[in-house]
Amino acid sequence: MTTYGIISPHKTSLVVVAEDITKALNKLGVPAKHFKQQIFWFNAVKEFDKAIMVMTFDPLYIGNWLLQLRDYQKHGISSVCYATVEGMPKQHLVKDWHREDILYIANSKFTQKMLTAIGLQIIKTIPHGINLEDVEEAEKLKKDLHKRLGARFVVGTVQSGHPRKGLEYLARVVQQTLEKDSSIKFYVLTEERGAKWFEGLSNIYVDTRFMKLPRWEVLSLIGSFDVYLQTSLCEGFGLPLLEAQAFGVPCIYPEYEPLTEVAPKTLNFPVPIVETEMKDFGDGIWYLCHYFDTEEMSRTILYVFDLYKKSRGNFNGLKEKLKEYAKQMDITNTYKAFVQ
């Protein structure tokens, strides 16, 4: 029987996706193994027949990984790069063989557009899925976050400290919201470098254990929020939005692709974009940044809180619709496309 090798670097978001693909294929009766490091072709041929490499297409560091993929193909291992990107890869860093020798699957329509624009061979778009078994298990392990924070309503987010995540804008949103209603609590799971933006702010709990918590604990945390707040300026997909919806947690996010692909506007609370800009953060990507009015995002938080207080029946009905939507995105539904 054909065995799949799922390969990823150690980056948390890529590991999560790679592990979910591996679980999905095994559930479908297709043997699959996950490797969190490069594996040379002479070892790969002993381990698997086909390879899926889960990567961000940043040409500054993807080259060595793609060389491995090209070697696989030369030695009879059918291979594809399952790629994400948050903007336009810098074209002077993209090699001809990246375009000619490697096949790619995009994780969103946005990623497909960005990578097609630089001449990569995109053979399909397969969105990320959510492991509903993990969600169910995390639901059982949830702790009472409201009691812990002394909160009636908790707005939460899980984001790295990278500048593209917009934590400085999140800090403004927190301050502007609390000026109007100081009863709202915020919870931010981020890195040490991200914590600096929230110094001196009240009613916000900053947890710096990003990338240090087990998967179930991150999911249970997301499931404990009353609303999930996304402030990132650019994304290649936006997996936390899908995770939040699986728990029935509505999302507030800037209204741009691919976030609009992940979170239906009719079930969530998008905030309009006022400006876009290609920005260089020192990586191999021109990040396509989407800027929003922080006051508008603050008003949206207050609107959702008002709905929560005054129309609990409608709010709970929304939660059930979000869970039903997420069921369509179960990993066995989405990732079976790799086998097909």
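All residue numbers refer to position in the chain's written sequence, counted from 1. Only residues with pLDDT of at least 70 get local features here, since the model is predicted, and only at 80 or more are side-chain atom pairs given and counted; chain-wide, interface and lining totals rely on the full set of residues. Think of the side-chain values as coming from all heavy atoms in the structure, minus any hydrogens and water.

## Concerning helix α3 (residues 63–74)
Residues spaced three or four apart along an α-helix face the same direction, because each turn holds 3.6 residues.
For step 1, the next point in the chain: Counting from the N terminus, the helices are DSSP H or I runs at least four residues long and the strands are E runs at least two residues long. Helix span is expected to be 1.5 Å times the residue number reduced by one. When the terminal C-alpha atoms of α3 are compared, their 17 Å separation across 12 residues agrees well with the 16 Å that a helix rising 1.5 Å per residue should span.
For step 2, the next point in the chain: To sort residues, take the accessible area from a 1.4 Å probe on protein chains only and compare it with the maximum for the residue type: under 20% means buried, over 50% means exposed, and anything in between is partly exposed. Residues of α3 that are buried include every one of G63, W65, L66, Q68, L69 and Y72, and no others.
For step 3, the next point in the chain: Should any heavy atoms of two residues lie within 4.5 Å, those residues are considered in contact. Elements that come into contact with the buried residues of α3 comprise β1 (4–7), α2 (41–47), β3 (50–56), β4 (78–84), α4 (96–100) and β6 (103–106).
For step 4, the next point in the chain: Just beyond α3, the residue with positive phi is G76, at close to 85 degrees.

## What about the pattern of salt bridges?
For step 1, the next point in the chain: The working definition used for a salt bridge is a side-chain nitrogen of Lys or Arg within 4 Å of a carboxyl oxygen of Asp or Glu. Per the stated rule, a full pass over the model turns up 23 salt bridges.
For step 2, the next point in the chain: With a shortest N-O distance of 3.1 Å, R70 and D101 are connected by a salt bridge. Here D101 lies in the loop between α4 and β6 and R70 lies in helix α3, a separation of 31 residues in the sequence.
For step 3, the next point in the chain: D101 sits in the partly exposed class, given a relative accessible area of 30%.
For step 4, the next point in the chain: Notably, a salt bridge pairs K180 with E295, separated by 3.2 Å at the nearest N-O pair. Of this pair, K180 sits in helix α8 (residues 167–180) while E295 sits in helix α13 (residues 294–310), and the two are 115 residues apart along the sequence.
For step 5, the next point in the chain: For K180, a relative accessible area of 45% gives the class partly exposed.

## Some details on the sheet that holds strand β2 (residues 32–35)
For step 1, the next point in the chain: Only strands joined by at least two bridges in the DSSP assignment are considered to pair. Across the sheet, 6 strands lie side by side as β2-β1-β3-β4-β6-β7; this open sheet has parallel pairing. The open sheet has two edge strands with one neighbour each: β2 and β7 (121–125). Taking the axes of each pair of neighbouring strands and ignoring which way they run, one obtains an average angle of 25 degrees across the sheet.
For step 2, the next point in the chain: Bridge count between β3 and β4: 7 bridges; the pairing is parallel. In the strand pairing of β4, T56 is matched with T84.
For step 3, the next point in the chain: Along the sheet, helix α1 (residues 12–27) makes contact with β1, β2, β3 and β4, crossing β2 at roughly 165 degrees. Helix axes are fitted only over the stretch in contact, all axes being lines through C-alpha atoms; the angle between N-to-C directions runs from 0 to 180 degrees.

## A few points about the packing of aromatic side chains
For step 1, the next point in the chain: Any two of the Phe, Tyr and Trp rings considered here, Trp counted by its six-membered ring, make a pair once their centres fall within 6.5 Å; the pair's planes then place it as stacked at under 30 degrees, edge-to-face at over 60, or tilted in between. Under the defined criterion, the tally for this structure stands at 19 aromatic pairs.
For step 2, the next point in the chain: Look at F35 and F48: their rings are 5.5 Å apart centre to centre, the planes differ by 55 degrees, and that puts the pair in the tilted class. Remark: F48 occurs in the loop between α2 and β3 and F35 occurs in strand β2; sequence separation between them is 13 residues.
For step 3, the next point in the chain: F35 sits in the buried class, given a relative accessible area of 10%.
For step 4, the next point in the chain: With centroids separated by 6.0 Å and ring planes inclined at 55 degrees, the aromatic side chains of Y169 and Y291 adopt a geometry described as tilted. Of this pair, Y169 sits in helix α8 while Y291 sits in strand β15 (residues 285–292), placing them 122 residues apart in sequence.
For step 5, the next point in the chain: Judged by its relative accessible area of 15%, Y169 is buried.
For step 6, the next point in the chain: In this structure an aromatic cluster arises from ring pairing among F153, F305, Y308 and F315.

## Examining the layout of surface pockets
For step 1, the next point in the chain: Think of a 1 Å grid over just the protein atoms. A cavity is a set of points where a 1.4 Å probe fits yet cannot get out, a pocket is an open set with protein on both sides within 12 Å along at least five of seven lines, and lining residues have an atom within 4 Å of a point. Grid points are joined across faces, edges and corners, and a volume is the space filled by probe spheres set on the points. Within this model, the largest pocket holds a volume of roughly 1000 Å³.
For step 2, the next point in the chain: Taken together, 45 residues form the lining of the largest pocket, with K11, T12, S13, L14 and F210 sitting closest to its centre.
For step 3, the next point in the chain: Among the elements of the structure, α1, α10 (215–224), α11 (239–246) and β15 are those that each provide at least two residues to the lining of the largest pocket.
For step 4, the next point in the chain: At 7 residues, α1 tops the list of elements feeding residues into the lining of the largest pocket.
For step 5, the next point in the chain: For this classification, Asp, Glu, Lys and Arg are treated as charged, while Ala, Val, Leu, Ile, Met, Phe, Trp, Tyr, Cys and Pro are nonpolar and the rest, including Gly, are polar. Among the residues making up the lining of the largest pocket, the classes are represented as 18 nonpolar, 13 polar and 14 charged.
For step 6, the next point in the chain: S78, V80, I105, I123 and F338 are the residues nearest the centre of the second largest pocket, which is lined by 16 residues in total.
For step 7, the next point in the chain: Put simply, the parts of the chain that give the lining of the second largest pocket at least two residues each are β3, β4, β6, β7 and α16 (336–339).
For step 8, the next point in the chain: Its residues assigned to classes, the lining of the second largest pocket shows 11 nonpolar, 3 polar and 2 charged.

## Remarks on the pairing of β1
For step 1, the next point in the chain: Burial along β1 is two-sided: Y4 and I6 facing one way and G5 and I7 facing the other are all buried.
For step 2, the next point in the chain: Two elements, β1 and β2, share 4 bridges in a ladder whose sense is parallel. Residue Y4 lies in a different strand from β2, and its bridge partner there is A32.
For step 3, the next point in the chain: Seen with its strands pointing away from the viewer, a crossover is right-handed when the path leading from the first strand over the helix to the second is clockwise. Handedness of the crossover joining β1 and β2 through α1: right-handed.
For step 4, the next point in the chain: Here β1 pairs with β3 via 4 bridges, running parallel.

## Quick word on the nonpolar core
For step 1, the next point in the chain: Grouping buried Ala, Val, Leu, Ile, Met, Phe, Trp, Tyr and Cys residues that are joined through side-chain atoms within 4.5 Å yields what is termed a nonpolar core. Ranked by internal contacts, the top residues of the largest apolar core, which has 123 residues, are I21 and Y82.
For step 2, the next point in the chain: Setting aside residues up to four positions removed in sequence, I21 forms contacts with I6, I52, V54, Y82, Y335 and F338.

## Description of the side chain of D226
For step 1, the next point in the chain: Considering the arrangement of structural elements, one finds D226 in the loop between α10 and β11 (227–229).
For step 2, the next point in the chain: It turns out D226 is buried and unbridged, and the closest side chain with the opposite charge, K319, is 6.1 Å from it.
For step 3, the next point in the chain: A 3.5 Å cut-off defines polar contacts: any pair of N or O atoms within that distance qualifies, except that in protein one atom must be a possible hydrogen donor and the other a possible acceptor, and neighbouring residues in sequence count only when both atoms are side-chain atoms. Within the structure, D226 has its side chain in polar contact with the side chain of H146 (distance 2.6 Å).
For step 4, the next point in the chain: In this structure, D226 is in contact with H146, R152, F153, V154, V249, P250, Y308 and F315, ignoring residues within four places of it in sequence. Residues counted as positive are Lys and Arg, residues counted as negative are Asp and Glu, and His and the chain ends are not counted.

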